[in-house]
Amino acid sequence: MQFEFTPGGKVIFGAGKLRSAGGTIKTAGKRPLVVVGKNVQRAEPLLALMRENNVEGATFSVSGEPTIQTVRDGVALAKKENCDWVIGIGGGSVLDAGKAIAAMRRNDGDVLEYLEIIGQGKPLTESPARYLAIPTTAGTGSEVTRNAVLASPEHRLKVSLRSANMIPGVALVDPELTYDLPPGITASTGFDALTQLIEPYVCSRANPMTDPLCLDGIRYVATSLPTVVHYGHDREARAKMSLASLFGGIALANAGLGAVHGFAGPIGGMFSAPHGEICAALLPHVMEMNLRALREREPKNNAINRYDRVARILLGNDSETADAGVEWVQELVNDFKIPRLGSHGIKPEHIAEIVKNAMNASSMKANPIKLTEAELGEILQAAI
């Protein structure tokens, strides 16, 4: 039994915690760059808090998923405005953008040099600027992960800037910021959370530190995700989904992911499709294929038993087996009316290219069993 576990930065969790974070913001640095989403109004609780505490900074808006150029522009603005630290408030895309900007604010050269796969993979030589991450969705767990996913339109790929030092110094998780999320975003981000709890639990790098987080998180999603999609202002259910997202972020940062996220990067780089919807469309098919491959080639692999346990938690029944878990996930996808991958323009003729890129993705390396090109293609065909 061998593993590594990085606890990460400070976590502040609870409804209303942002309103009492004035002290944290006043003492973190001199002048922050505030990274926000396209709808700046969603950051108003933070901006109001800054005004109350006489904290001045610059605002940088991220529209859609961050690209390499997004990071370049953010770093340039931070330097121009003499911003010495960074706050990110928004969904996973915003938090990843802020994380990358904080990293490159203190490191020389172009961000491309530090990227996996398409870059040189250079290690960061300097610690990132101080970073406060404030999620407004419950799904990505980006507030506690060590990487930032960036799109490269030129390469038609999404790749990571990654370093253990990139885990945000403070993650402020306030479920109140998720209360007004519409059902569609609640559903897709919730499926991202579920995927990032199941994959680390069954992956080849699962460990005793992340297992309890995954199991508790899966339980929270099973009981709370349907509630928040249909009754968005249920405070307890929203808190549990925020906690599940947090647990998933810690788990994936310290264990790994699998084929769903192995596909998600290449698909996200090639097509304009929300990450959570990609995960939801793929998850039941990846689970089904992994189980089939494990039973055929590695019947003694403990991942089979882990899939059984996932099913028992999802259905709340200790007699269920893994196949019932796959059915539960597929039924939830149907209930939430998650669109199939084909609705995003993905066609059978794209399968070969997606599979080729997915096999090189870092997330694919921790899948509980190595899937063949044919098996990966079958997953995509089923999800289209």
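The rules behind these values
Residues numbered from 1 in each chain as written. Predicted model: local features only at pLDDT ≥ 70, side-chain atom pairs only at ≥ 80, totals over all residues. Heavy atoms only, no water. Helix = DSSP H or I, 4+ residues; strand = E, 2+ residues; numbered from the N terminus. Polar contact = N/O pair within 3.5 Å; in protein donor to acceptor, adjacent residues only side chain to side chain. Contact = heavy atoms within 4.5 Å. Expected span 1.5 Å × (residues − 1). Buried < 20%, exposed > 50% of the residue type's maximum accessible area, 1.4 Å probe, protein only. Salt bridge = Lys/Arg side-chain N within 4 Å of Asp/Glu carboxyl O. Core = buried A, V, L, I, M, F, W, Y, C linked by side-chain atoms within 4.5 Å. Pairing = 2+ DSSP bridges. Axes fitted to C-alpha atoms, helices over the stretch in contact; angles between N-to-C directions. Parallel < 35°, antiparallel > 145°, perpendicular 65-115°, else oblique. Left-handed = near helix turned anticlockwise from the far one by under 90°. Nonpolar A, V, L, I, M, F, W, Y, C, P; charged D, E, K, R; others polar.

Topic: the side chain of Glu375
Here is step 1 of the chain: Residue placement: Glu375 occurs in helix α13 (residues 373-383).
Here is step 2 of the chain: Looking at Glu375, its side chain comes within polar contact range of the side chain of Arg297, at 2.8 Å.
Here is step 3 of the chain: Apart from the residues lying within four places of it in its own chain, the contact partners of Glu375 are Met289, Ala293, Arg297 and Lys370.

Considerations on helix α8 (residues 259-270)
Here is step 1 of the chain: Between the first and last C-alpha of α8 there are 17 Å, a value that for 12 residues agrees with the 16 Å anticipated at 1.5 Å per step.
Here is step 2 of the chain: Where burial is concerned, most of α8 is hidden: 12 out of the 12 residues are buried.
Here is step 3 of the chain: Taken as a whole, α8 has its buried residues at Ala259, Val260, His261, Gly262, Phe263, Ala264, Gly265, Pro266, Ile267, Gly268, Gly269 and Met270.
Here is step 4 of the chain: Taken together, the buried residues of α8 touch β7 (157-162), α5 (183-202), α9 (275-297), α12 (351-359) and α13.

Considering the pattern of salt bridges
Here is step 1 of the chain: Counting across every chain of the model gives 16 salt bridges.
Here is step 2 of the chain: Of the charged contacts in the structure, one is a salt bridge between Arg31 and Glu81, with a shortest N-O distance of 2.9 Å. Within this pair, whereas Arg31 is found in the loop between α1 (22-28) and β2 (32-36), its partner Glu81 is found in the loop between α3 (68-80) and β4 (85-90), the two being separated by 50 residues in sequence.
Here is step 3 of the chain: Between Arg219 and Asp216 there is a salt bridge, with its nearest N and O atoms 3.0 Å apart. With Arg219 and Asp216 both in helix α6 (residues 211-230), this residue pair falls 3 residues apart, about one helical turn.
Here is step 4 of the chain: Residue Arg219 is classed as partly exposed on the basis of its relative accessible area, which comes to 38%.

Comments concerning the nonpolar core
Here is step 1 of the chain: In this structure, Phe191, Leu194, Phe263, Ile267, Leu282, Leu341 and Leu380 are the most contacted members of the largest nonpolar core, which totals 76 residues.
Here is step 2 of the chain: In terms of residues, this core owes the most to one element, α9, which gives 12 residues.
Here is step 3 of the chain: Sequence-distant contacts of Ile267, defined by excluding residues within four places in its chain, comprise Ile278, Leu282, Leu341, Ile346, Ile354 and Leu380.
Here is step 4 of the chain: Counting residues in each nonpolar core, the second largest holds 33 residues, with Ile68, Ile101, Ala102 and Leu124 among its members.

So, the sheet that holds strand β1 (residues 10-13)
Hydrogen bonds between backbone groups are what pair the strands of a sheet, and the pairing can be parallel or antiparallel.
Here is step 1 of the chain: Taken together, the 6 strands give an open sheet; going across it, the order is β1-β8-β5-β4-β2-β3, and neighbouring strands pair in parallel fashion. In the strand order of this sheet, the two ends are held by β1 and β3 (58-61), each with one partner. Adjacent strand axes in the sheet meet at a mean angle of 15 degrees, parallel and antiparallel pairs treated alike.
Here is step 2 of the chain: Taken together, the 4 bridges between β2 and β3 define a ladder with parallel strand orientation. Paired with Val35 across the bridge in β3 is Phe60.
Here is step 3 of the chain: This element, helix α4 (residues 92-105), spans β2, β3, β4 and β5 (131-135) of the sheet and lies at about 170 degrees to β4.

Quick notes on the packing of helix α10 (residues 303-315) against helix α11 (residues 322-335)
A pair of packed helices is characterised by two quantities: the angle between their axes and the separation of those axes.
Here is step 1 of the chain: Contact pair α10 / α11: the axes reach a minimum separation of 7 Å and the direction vectors enclose 50 degrees. Judged by the inter-axis angle, α10 sits oblique to α11. α10 and α11 meet at a crossing whose hand is left-handed. In contact with Tyr307, Asp308, Ala311, Leu314 and Leu315 of α10, α11 contributes Ala322, Ala324, Gly325, Trp328 and Val329.
Here is step 2 of the chain: Tallied by class, residues from the contact of α10 with α11 come to 8 nonpolar, 1 polar and 1 charged.

Focus on unusual backbone geometry
Here is step 1 of the chain: Phi is positive for Asn54, which is not a glycine, with a value near 55 degrees.
Here is step 2 of the chain: When you line up the elements, Asn54 lands in the loop between α2 (44-52) and β3.
Here is step 3 of the chain: Its identity as a non-glycine residue notwithstanding, Arg156 has a phi of 55 degrees, on the positive side.
Here is step 4 of the chain: If you trace the backbone, Arg156 turns up in the loop between β6 (147-152) and β7.

Overview of the side chain of Asp211
Here is step 1 of the chain: Position of Asp211 among the secondary structure elements: in helix α6.
Here is step 2 of the chain: Its relative accessible area of 13% is what places Asp211 among the buried residues.
Here is step 3 of the chain: Filtering out sequence-adjacent residues up to four positions away, Asp211 remains in contact with Tyr201, Ala206 and Arg306.

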